[in-house]
Amino acid sequence: MPIVILALAIVFGSINPNFWSATNLANVSRQISILALLALGQTFAILSGGIDLSVGSLLALVSVVCAQQMKAFGLVEGITAGILAGGLAGLVNGLIIAKARVPPFIATLGMLVAARGAALTLSGGLPIAGLPREFLVLGAGYLGPFPIPTVIAAVAFVLAHGILRRTRFGRYVYAMGSNEEAAVLSGINVANYKMLVYITSGLFAGVAGVILTSRVISGQPTLGEVQELYSIAAVVIGGGRISGGVGGIGTTLMGVLVLGILGNGLNLVQVSSYIQNIVIGAIIVGAVYVDLARERRS
Amino acid sequence: MTDASPFLQLHAIVKRFPGVLALNDVGLDVRRGEVHALLGENGAGKSTLIKTVSGVYRPDNGEIRVDGRSVHIRNPHAAQALGISTIYQEFTLAPDMTVAENIFLGREPLRLRALSIVDRKALIRQTRDVLASLDLHIDPEAIVKDLGVAQQQMVEIAKALSLDARLIIMDEPTATLTSHEIDRLFEAIARLKQRNVAVIYVSHRLDEVKAVCDRATILRDGTCVATVPVASTTIDEMIRLMVGRDLKDKFPKRQSEPREEMLRVEQLTRKGVLHGVTFSVRRGEIVGIAGLVGSKRTETARAIFGVDPIDSGRILLRGKPVNVRRPGDAIRHGIALVPEDRKRHGIFGTLSVWENVVLSALRRFSRRGILDVRREKQRAQEFVTSLRIATTDLEKRVLELSGGNQQKVVIAKWLNTNAEVFLFDEPTRGIDVGGKIEVYKLMGELISRGAAIVMISSELPEILGLSDRILVMREGSICGEFDRADATEEKILNCALRGAA
């Protein structure tokens, strides 16, 4: 997979050398930070044998809550409220999935629709402007040569990797995804850890939503359409298995990079975004097919 | 008066699976209009044989003749075309469709062939005819899932008849029926006989076999031992034919010195499943639990381990009552359950050997929330060595190991939790002889280190070879208890079949 990424980069770079410019690389990494954060949360959900279809809509909900609270109380309060809103939605998802035992696909599908509705209700269907100018720094600023969103995403990656590989929670996520019944019989409190999975996914969506709000310097109830699908695509392209138990932060990172470079590269060579979608669709299927074919042969 | 010419003849049938010779030179003949019983213990080959006749398996060797002609039954569809229908324990009806739709599924009478429009009137009429021929009073338009189990079974039989079945195989048909419903089933079988339809009747219930069957074929260890006329054979003789074999001396000789009582269960009850199950196990002792399919032994283990809830009863560890409501509680009290189906319940196939081995004891490897991976792998290596798990690589995914080694990984996982009471459910199922011996040795070591073991097994030699005491379960309650000294296969099977001690 890293070879593919390198190959893509070389191909695009040779067609349009602007690809390698510092400005472009900074732009790409800034743009995919949002997707990266969503994909991180999605990784937890998919690894555990579930899925989170609501993360796109959560971006909108978080944005609206963040903006409203920021205008009412202040910068820090707005940011905190936004992230908590994501976590709270994740908790609701988790309760429905773990306690009511509704399948994750259905539960998060319901949240996808409901969260979007909530965002539109809270905002009256209109964008919420008038946020403090300092807030712009989060989305548009730099830490040294690196865009701040990229730094945040990088830190999130390291954190997520640590959680998955080095904590009991992470190990149980893999176990649940590999064989949920065996997990129950091995003494794992599957209900509690499932809730934690969706709270995690919600929190990552919360952070992403706050950053996105900063970039558009307003609360937008229309954010995030279709983004949940790209987050799933990133996990899967990187090699994560949709049935759970296989994959990780590293593989998700690969998937995010592929999508990011593809999107940016195709832009630079002036391929229309409609065709880009066809290409991405083909790659999603192709990547999974290659993975499965390799598995079947062994 | 049955037509004496055979409808089905099996000659020298051989069927192999990896590591197992399931059918070894089996012969069988079933006459038209005959009700022919197929008897044998768990694992004797009954299931393999009927699947061979019904086209699910193809024999490696031997000949099958239908109506005197040699045939190759390639798949279940081909079997049906030859007039062989099978009614399994798990019904194959579509629960949300009507009786009529189910019976004629795929063969509905059509009004306009080109447009595939079903002729509903004809469908109902033909269904009524089929049901009437069995004297069944079931509404053709009833939804199958609303029918009782017995009626669903009747619909299956009607469906087979409508396919012009000339041989119907019934696998444990009375397992879920009340005695009144069993009478109705026997009436239906009598009607089948009148129409010269043959029946292969697979069952553990020998009194039923005596009531309704003409002849019986007994299988043992994959071979056909005898075919007898039921009327002149006693149940005792049938049991003796099912069992008669010498105990192979492959069980480690142990000095068992059972000490104090470790586990006691009292009056475990769950409505419809367990009825007042009571027994105890001491340190250094192996208690074997024998019984037939459906005797609820696995359910007992699951109840003790906290997987399934109980309505009433107590569990005591070292004399003190404990509250076990979920597996986590059981584990904390030092109980371990090695499940029957390791693929579905025991191993994490996509995870590595070391991850599997440490999984139930992670708390011990974490310091301030962070797992010490190096110590985990070290500990896993210790177990791999001491249990002789055949893998050179700890990172290998467990699904790539052999059955015996997978079972060892599961046992290692529990050893890691310092369990003192082990519940083994079919510990050597699907494992070859070499692997079995290793598992037996392991169990011996556990005992000498002071553990208490409850072992559920369907393999009588295993039960007799390893247990200090043997309990026999039947339909959710304990019907007999034997000491190692005076237990024999016949006594156990007798108890399991009839419930008498």
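About the thresholds
- Residues numbered from 1 in each chain as written.
- Chains lettered and ligands numbered in written order.
- Predicted model: local features only at pLDDT ≥ 70, side-chain atom pairs only at ≥ 80, totals over all residues.
- Helix = DSSP H or I, 4+ residues; strand = E, 2+ residues; numbered from the N terminus.
- Rg over C-alpha atoms; globule rule 2.2 N^0.38 Å.
- Buried ≥ 20, exposed ≤ 12 C-beta atoms within 10 Å, placed from the backbone.
- Contact = placed C-beta atoms within 7 Å.
- Pairing = 2+ DSSP bridges.
- Axes fitted to C-alpha atoms, helices over the stretch in contact; angles between N-to-C directions.
- pLDDT = per-residue confidence, 0-100.
- Expected span 1.5 Å × (residues − 1).
- Arc of directions from axis to C-beta.

Asker: I tried to follow the overall build of chain A on my own but got confused; where do I start?
Answerer: Each helix and strand counted, chain A has 13 helices and two strands in total. Computed over its C-alpha atoms, the radius of gyration of chain A comes to 19 Å, within 12% of the 19 Å expected for a compact globule of 298 residues. For the C-alpha atoms alone, the extent of chain A along its principal axes is close to 55 × 50 × 35 Å. Relative to its 298 residues, chain A shows a buried fraction of 53%. A fraction of 78% describes how many contacts in chain A between residues 6 or more apart in sequence connect residues 24 or more apart.

Asker: Looking at this structure, I do not really get the overall build of chain B. What am I missing?
Answerer: Within chain B, the secondary structure is distributed over 17 helices and 24 strands. The C-alpha radius of gyration of chain B comes to 26 Å, within 12% of the 23 Å expected for a compact globule of 501 residues. Referenced to the eigenvectors of the C-alpha coordinate spread, the extents of chain B come out at roughly 75 × 55 × 45 Å. Restricting to contacts in chain B with at least 6 residues of sequence separation, those with at least 24 account for 68%.

Asker: Sorry if this is basic, but what is going on with the sheet that holds strand S18 (residues 335–338) of chain B here?
Answerer: Strand pairing in a sheet relies on backbone hydrogen bonds, with the paired strands running either antiparallel or parallel. Residues and elements named next belong to chain B. Across the sheet, which stays open at both edges, the six strands sit in the order S18-S21-S22-S15-S23-S24 with mixed pairing between neighbours. Two strands bound the open sheet, and with one partner strand each, they are S18 and strand S24 (477–483). Strand after strand, the sheet turns through a mean of 20° between neighbouring axes, direction not considered. With four bridges joining them, S18 and strand S21 (residues 421–425) adopt parallel strand pairing.

Asker: What is the right way to look at the pairing of strand S9 (residues 167–171) of chain B in this model?
Answerer: Moving residue by residue along a regular strand, the side chains alternate between the two faces of the sheet. Residue and element names in this part refer to chain B. Buried residues dominate S9, accounting for five of its five residues. Judged by which residues are buried, S9 turns out to be covered on both faces: Leu167, Ile169 and Asp171 on one side and Ile168 and Met170 on the other are all buried. Here strand S6 (residues 84–87) runs beside S9; their pairing, made up of four bridges, is parallel. Paired with Ile84 across the strands is Leu167, a residue of S9. Sheet topology note: the S9/strand S10 (residues 198–202) ladder contains five bridges and is parallel. Within S10, the position partnered with Ile168 by the bridge is Val199.

Asker: Is there a simple way to explain helix H11 (residues 227–237) of chain A in this structure?
Answerer: Residue pairs spaced three or four apart in an α-helix point in one direction, given the helix's 3.6 residues per turn. Residues and elements named next belong to chain A. Buried residues dominate H11, accounting for 10 of its 11 residues. Where H11 is buried, its residues contact helix H2 (22–47), helix H3 (55–72), helix H5 (104–123), helix H12 (249–268) and helix H13 (273–297). Remark: Gly239 follows H11 within two positions and exhibits a positive phi of approximately 120°.

Asker: Mind showing me how you'd approach unusual backbone geometry here?
Answerer: Excluding glycine, a negative phi dihedral is what most residues carry, and trans is how most peptide bonds are arranged. Here the phi dihedral of A:Val226 falls at roughly 75°; this positive angle occurs in a residue that is not glycine. Locating A:Val226 in the fold gives a position in the loop between helix H10 (190–216) and H11. Owing to 9 C-beta atoms within 10 Å, A:Val226 belongs among the exposed residues under this scheme. The phi torsion at B:Glu426 lies on the positive side, around 55°, for a residue other than glycine. Relative to the helices and strands, B:Glu426 is located in the loop between S21 and helix H15 (433–448). The exposure class of B:Glu426 is buried, given the 22 C-beta atoms found within 10 Å.

Asker: Please clarify how the confidence of the model for chain B should be interpreted in this entry.
Answerer: Interpretation of this model should avoid reading the predicted coordinates in detail wherever pLDDT is low. Looking at chain B as a whole, the pLDDT averages 87, with 95% of positions reaching at least 70. Taken together, the chains of this predicted complex give a pTM of 0.76 and an interface ipTM of 0.87.

Asker: So what exactly am I meant to see when it comes to the pairing of strand S16 (residues 312–317) of chain B here?
Answerer: All names here are of chain B. When strand S13 (residues 261–270) meets S16, the two strands line up antiparallel, connected through five bridges. Bridge pairing in S16 links Arg264 to Leu316. As defined by bridge partners, S16 adjoins strand S17 (residues 320–322) across three bridges and the pair is classed as antiparallel. The residue of S17 that forms the bridge with Ile315 is Val322.

Asker: I would appreciate a short explanation of the interface of chain A and chain B in the present structure.
Answerer: When the parts of a complex come together, some accessible area is lost, and that lost area is often taken as the interface size. With 17 residues of chain A at the interface, the matching set in chain B holds 22 residues. Mapped onto the side of chain A that touches chain B, the elements with two or more residues apiece are helix H8 (168–178) and helix H9 (180–185) of chain A.

Asker: Honestly, H5(A) in this entry has me stumped. Any pointers?
Answerer: Residues and elements named next belong to chain A. Its 20 residues place the ends of H5 28 Å apart at the C-alpha level, agreeing with the 28 Å of an ideal helix rising 1.5 Å per residue. Those residues of H5 not exposed but buried are Pro104, Ala107, Thr108, Met111, Ala115, Arg116, Ala118, Ala119 and Ser123. When H5 is viewed along its axis, its buried side chains cluster within an angular range of 160° and face the same direction. Facing away from the buried side of H5 by over 90 degrees, the exposed positions are Ile106, Val113 and Thr121. Structurally, H5 contributes buried residues whose contacts are with H2, H3 and helix H4 (75–98). Just beyond H5, the residue with positive phi is Gly124, at close to 65°.

Asker: Please clarify how the sheet that holds strand S4 (residues 61–66) of chain B should be interpreted in this entry.
Answerer: All names here are of chain B. Pairing in this open sheet of four strands is antiparallel, and the strands run S2-S1-S4-S5 from one edge to the other. Where the open sheet ends on each side, the last strands, each with one partner, are strand S2 (20–31) and strand S5 (69–71). With direction set aside, neighbouring strand axes in the sheet form an average angle of 25°. With five bridges connecting them, strand S1 (residues 6–17) and S4 associate as antiparallel partners. The residue bridging Val14 from the neighbouring strand is Asn61, located in S4. Against the sheet, helix H1 (residues 46–53) contacts S1 and S2, and its axis sits at roughly 60° relative to S2.

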